[in-house]
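Observations on the three-dimensional arrangement
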Amino acid sequence: MTYLFKRLSLLLLTLLLISVVTFVLTKILPGDVAIMILGTRSHPETLTALRQELGLNDPLVVQYGRWIGDLLQGDWGTSLRFKEPIAKLLGQKILASGVIVVLSLLIALSLAIPLGVVGAVRQNRWQDTVSSSTALLGISLPDFFWGMVLILLFSRWLGLLPSSGFVSPLENLWLSIKHALLPAIALGLSLMAHLTRMTRSAMLEVLSQDYIRVSRSKGLGERMVVYKHALRNAIAPVITVAGLQLGYLFGSIIVVESLFNYTGVGWLTYQALLNRDIPLIQATVFVIATVFMLSNLVVDLVYKVLDPRISFE
Amino acid sequence: MATESFSPQTAASTGLGSEQRVRRRLLRMFRTPKGLIGLSLVVLFSLTAILSPLFIQEALSTKINVTARLAPPSPSHPLGTDQLGRELSYRVLLGARTSLMVAVLAVALSIVLGLPLGVLSGYFKGWTDLSLMRLVDTLLSFPVLLLALSISAILGPSVRNATVAIGIAFAPYLSRIVRSETLKVSSLPYIEAARAQGASDLRIITRAILPNILAPVMVQATISVAFAILAEAGLSFLGLGTQPPTPSWGLMIQASRDYLDVAPWTALVPGTAVALSVLGLNMLGDVLRDVLDPTFIFESAGAQ
């Protein structure tokens with residue numbers, strides 16, 4: 001309980017720092033919101049008036065205070081590009097991204113663990129070569145390239161799955177999954193590759209330990225030894241790596257969602273960046289960083305459940 | 001590096017390895033298939049990046065030829081042409097320079113930013129460490145690509161800004177590794193010995209700590225270059241990195257998007273180039289890490 005309390009107070013501090021970094025990042029870099037709204041050829045007096053109205057002449061600390069205050073009250077400002085309240089825009093997109101993130105995690109884990117286990121059990125044989133090469137190839141090609149290969153294969157040639165768009169799972173679950181499948185695979189491939197490598201090395205380490213020899217010599221079946229006794233102890237570091245790699249995943253959704261025209265948070269972030277829509281950039285960057293941090297907390301808690309030897313006190 | 005510095009006396013127990021031992025392991029490692037392939041790919045990539053601009057004029061790669069649009073690979077167009085009839089062979093060769101330049105400069109920048117941060121917090125510990133690492137941890141809460149994309153978008157897309165953006169985004173990762181290595185090294189007896197001799201902090205850091213954390217930093221740098229190539233490709237793919245008509249692998253893949261079914265080679269050529277260079281760097285990174293890890297036992301029978 002003390003641990004959870006400590007974690008939560010640290011979380012609040014980190015959240016505060018994330019908001020400061022997000023704000024400073026968009027403020028110290030060149031770029032004038034007033035010019036972005038009115039255009040470069042607008043009258044200097046109108047610009048000055050708008051800057052005054054938006055409070056852009058106030059000291060940075062005051063501006064930050066106003067931004068974070070509004071944020072906490074649910075007023076996330078208005079997007080310059082979409083001319084809509086940002087809170088509303090984000091609310092619609094979070095569900096879409098949630099679908100592909102969960103789906104890609106499932107795909108990555110369900111492929112990586114068997115591949116990694118096979119690589120370790122059949123070390124230095126052809127099965128290991130296949131598993132290790134798949135993993136190396138997975139981390140060596142950009143996700144958008146995989147995405148294009150998937151579009152070509154499953155959408156253009158085989159005509160099985162749509163290559164763009166998003167359908168809400170609340171409207172039509174089957175159609176929603178069909179739309180999310182290709183982006184989720186493209187997103188999950190590099191995660192899968194990293195996890196396969198981690199599973200293999202963790203399994204190799206566990207399999208060389210004494211208790212595994214004991215299990216084998218007392219006559220347990222190989223399947224039981226590998227999957228029950230070894231895998232259970234090898235899985236904890238794999239989950240840690242999965243947590244670290246989530247950061248990569250949350251970066252990749254920007255590229256993958258744009259490629260598939262999948263209107264989630266990543267797509268929204270891209271639109272914001274492309275149009276230098278500062279208020280929307282601030283909001284999306286803040287949301288992605290927050291979700292990433294929260295998911296790291298979840299990973300730590302899962303880790304504790306999986307490995308009771310870990311104590312955080 | 002060893003002659004001028006306070007070298008650890010017991011290589012095996014400190015896990016650092018003497019220079020000679022590392023060299024012997026390195027030679028052995030490069031005789032394994034993985035080491036050999038990795039090294040060859042990296043050498044090939046670097047040579048292409050350095051030499052091709054000397055032999056191929058930039059203008060050749062941007063020359064538009066409407067009569068030969070989307071031509072498949074053939075003797076007159078070795079790797080085919082793109083939607084504007086530009087030779088893919090020239091573009092992919094010159095693209096290597098963009099990739100290598102952005103990746104190496106970005107990683108160099110991340111070392112310039114991250115190394116002092118990490119060394120200072122690992123060496124001085126206490127409040128310096130606490131405050132610096134709070135900052136680093138906050139930056140780590142931002143996914144690398146998100147940070148790089150945002151910085152590049154706000155600075156305005158260009159090759160230079162993409163390099164700066166990737167460099168800044170990588171720095172917190174590097175400083176984390178440098179910090180933990182510095183912590184490990186600075187608790188060793190020879191640092192205490194140096195201090196007892198009256199060496200200043202600056203002298204201890206430059207003579208005793210830096211030379212001994214160099215190896216893990218090099219491993220991280222190798223892997224980071226691979227990741228920076230992917231990041232540059234990603235940024236350019238989204239139009240927030242290298243700008244046309246400069247040849248860049250990410251841009252070439254982006255341009256091929258609309259011609260996938262009619263001209264798949266326009267995507268395959270730059271895709272293969274990215275894959276081979278990143279694969280090589282990853283393999284080399286793996287091998288270097290194994291060499292520097294004294295507990296690692298060679299698996300391959302051919303290497304015995």
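All of these numbers come straight from a predicted model, not from anything done at the bench.

**Some remarks on the overall build of chain B**
The helix and strand tally for chain B stands at 12 helices and zero strands. In chain B, the succession of helices and strands from N to C terminus is α-α-α-α-α-α-α-α-α-α-α-α. The buried share among the 304 residues of chain B stands at 51%. Accessible area of chain B: about 13600 Å², with a carbon and sulfur share of 66%.

**Comments concerning empty space enclosed by the protein**
All told, the structure shown has two cavities of 30 Å³ or more when counted by the stated rule. Approximately 130 Å³ is the volume found for the largest cavity. As for the largest cavity, its lining consists of P142, D143, F144, Y248, G251, S252 and V255 of chain A together with L145, F227, L230, A231 and G234 of chain B. At the level of secondary structure, the elements contributing two or more residues to the lining of the largest cavity comprise helix 7 (143-157) and helix 10 (222-259) of chain A together with helix 10 (201-237) of chain B. Along the lines of polarity and charge, the residues of the lining of the largest cavity split into eight nonpolar, three polar and one charged.

**Remarks on the side chain of S155 of chain A**
All names here are of chain A. Note that S155 resides in helix 7. We classify S155 as buried; its relative accessible area is 16%. A polar contact of 3.2 Å, which involves the side chain of S155, links it to the backbone oxygen of L161. Other than its neighbours up to four places away in sequence, S155 contacts L150, L161, P162 and S163.

**Details of the interface of chain B and chain A**
Between chain B and chain A, the residue contacts involve 43 residues of the former and 45 residues of the latter. With both sides pooled, the region where chain B packs onto chain A buries about 3900 Å², and carbon together with sulfur makes up 76% of that total. Counting across the interface, chain B meets chain A through two salt bridges. Across the pair D261 of chain B and R156 of chain A runs a salt bridge whose closest N-O atoms are separated by 2.8 Å. Among the secondary structure elements, those contributing two or more residues to the side of chain B that touches chain A are helix 6 (126-140), helix 7 (144-155), helix 10, helix 11 (249-256) and helix 12 (265-292) of chain B.

**Thoughts on the confidence of the model for chain B**
Residues and elements named next belong to chain B. Residue-level pLDDT values for chain B average 82, and 90% of them are 70 or greater. Within chain B, helix 5 (residues 88-124) carries the highest mean pLDDT (91), whereas helix 1 (residues 11-14) carries the lowest (41). Segment residues 298-304: pLDDT under 50, and 10 contacts once partners within four positions in sequence are set aside and those in other chains are kept. Reported confidence for the predicted complex is 0.83 by ipTM and 0.85 by pTM.

**A look at the packing of helix 5 (residues 86-121) of chain A against helix 8 (residues 173-207) of chain A**
Here helix 5 of chain A crosses helix 8 of chain A at 35°, and the two axes come no closer than 5 Å. Classified by chirality, the crossing of helix 8 of chain A by helix 5 of chain A is right-handed.

**Notes on the packing of aromatic side chains**
The geometry of an aromatic ring pair is captured by the separation of the ring centres together with the interplanar angle, meaning the angle of the planes. All names here are of chain A. This model, assessed by the stated rule, comprises 13 aromatic pairs over all chains. When the centroid spacing of 5.5 Å and the interplanar angle of 70° are considered together, the rings of F23 and Y64 count as edge-to-face. Of this pair, F23 sits in helix 1 (residues 2-28) while Y64 sits in helix 4 (residues 60-72), and the two are 41 residues apart along the sequence. Given the relative accessible area of 4%, F23 is considered buried. One aromatic cluster is present, built from ring pairs that chain together F23, Y64, W67, W76 and F286.

**Focus: a nonpolar patch on the surface**
On the surface, L39, V43, L47, I50, L51, L54 and F55 of chain B cluster together into a nonpolar patch covering about 700 Å² of accessible area. Within the secondary structure, I50 of chain B sits in helix 3 (residues 33-55).

**Topic: the pattern of salt bridges**
Under the counting rule described, the total for this entry stands at 11 salt bridges over all chains. Of the charged contacts, one joins D286 of chain B and R197 of chain A as a salt bridge, the two residues approaching to 2.8 Å between their closest N and O atoms. On the criterion of chain membership, the pair formed by D286 of chain B in helix 12 and R197 of chain A in helix 8 is interchain, its members lying in two chains. Taken together, the salt bridges that share partners define one network made up of R197 of chain A together with K34, D286 and R289 of chain B.

**So, the environment of G264 of chain A**
Residue and element names in this part refer to chain A. Locating G264 in the fold gives a position in the loop between helix 10 and helix 11 (265-274). On the basis of relative accessible area, G264 is assigned to the buried category, the value being 0%. Considered as a pair, G264 and W146 are 118 residues apart in the sequence and their alpha carbons are 19 Å apart. The contact partners of G264, leaving out residues within four places of it in the chain, are K93, A96, S97 and E257.

**Quick notes on the nonpolar core**
A general tendency of soluble globular proteins is for nonpolar side chains to be buried together. Counting 126 residues, the largest nonpolar core has L195 and F260 of chain A together with L149, I166, F237 and W249 of chain B as the members making the most contacts within it. In terms of residue count, the dominant contributor to this core is helix 12 of chain B (12 residues). Not counting the four nearest positions on each side in its chain, W249 of chain B is found in contact with F45, V92, G95, A96, S99, P270, A273, V274 and S277 of chain B.

**Overview of the packing of helix 5 of chain B against helix 6 of chain B**
All names here are of chain B. Their axes nearest at 7 Å, the elements helix 5 and helix 6 cross at an angle of 145°. As for the relative orientation of helix 5 and helix 6, their crossing is left-handed in sense. Each of L117, L120, S121 and F124 in helix 5 lies in contact with helix 6, whose residues at this interface are G126, T128, D129, L132, M133 and V136. Looking at the contact of helix 5 with helix 6, its residues break down into six nonpolar, three polar and one charged.

**Focus on helix 7 of chain A**
When the terminal C-alpha atoms of helix 7 of chain A are compared, their 20 Å separation across 15 residues agrees well with the 21 Å that a helix rising 1.5 Å per residue should span. At I151 of chain A, helix 7 of chain A shows its maximal bend, which comes to roughly 25°. Along helix 7 of chain A, the residues that are buried comprise D143, F144, F145, W146, G147, M148, L150, I151, L152 and S155 of chain A. Taken together, the buried residues of helix 7 of chain A touch helix 6 (126-140), helix 8 and helix 10 of chain A together with helix 10, helix 11 and helix 12 of chain B. Once helix 7 of chain A ends, the next one or two residues include G159 of chain A, with phi positive near 65°.

**Observations concerning the layout of surface pockets**
Residues and elements named next belong to chain A. Approximately 650 Å³ is the volume attributed to the second largest pocket. Contributing elements (two or more residues each) for the lining of the second largest pocket: helix 1, helix 2 (33-38), helix 3 (44-54), helix 4 and helix 12 (278-306). Ranked by the residues each element gives to the lining of the second largest pocket, the list is headed by helix 4, at five residues. Looking at the lining of the second largest pocket, its residues break down into 11 nonpolar, six polar and five charged.

**Regarding unusual backbone geometry**
Leaving glycine aside, a negative phi is the common case for residues, and trans is the common case for peptide bonds. The peptide bond linking P244 of chain B to P245 of chain B adopts the cis configuration, its omega dihedral lying at 5°. Summarising the element assignment, P245 of chain B is placed in the loop between helix 10 and helix 11. A positive phi is found at N261 of chain A, a non-glycine position, where the angle reads about 50°. Here N261 of chain A shows up in the loop between helix 10 and helix 11.

The rules behind these values
- Residues numbered from 1 in each chain as written.
- Chains lettered and ligands numbered in written order.
- Predicted model: local features only at pLDDT ≥ 70, side-chain atom pairs only at ≥ 80, totals over all residues.
- Heavy atoms only, no water.
- Helix = DSSP H or I, 4+ residues; strand = E, 2+ residues; numbered from the N terminus.
- Buried < 20%, exposed > 50% of the residue type's maximum accessible area, 1.4 Å probe, protein only.
- Areas by Shrake-Rupley, 256 points an atom, 1.4 Å probe, with all protein chains shown as cover.
- 1 Å grid on protein atoms, 1.4 Å probe; cavity = no way out; pocket = protein on both sides within 12 Å on 5 of 7 lines; lining within 4 Å.
- Points joined across faces, edges and corners; volume = space filled by probe spheres on them.
- Nonpolar A, V, L, I, M, F, W, Y, C, P; charged D, E, K, R; others polar.
- Polar contact = N/O pair within 3.5 Å; in protein donor to acceptor, adjacent residues only side chain to side chain.
- Contact = heavy atoms within 4.5 Å.
- Buried area = accessible area lost by both parts, 1.4 Å probe.
- Salt bridge = Lys/Arg side-chain N within 4 Å of Asp/Glu carboxyl O.
- pLDDT = per-residue confidence, 0-100.
- Axes fitted to C-alpha atoms, helices over the stretch in contact; angles between N-to-C directions.
- Left-handed = near helix turned anticlockwise from the far one by under 90°.
- Phe/Tyr/Trp six-rings, centres within 6.5 Å; stacked < 30°, edge-to-face > 60°.
- Patch = residues over 30% accessible without salt bridge, like charges linked within 9 Å, V, L, I, M, F, W, Y side chains within 5 Å.
- Core = buried A, V, L, I, M, F, W, Y, C linked by side-chain atoms within 4.5 Å.
- Expected span 1.5 Å × (residues − 1).
- Bend = angle between axes of the 7 residues up to and from the residue.

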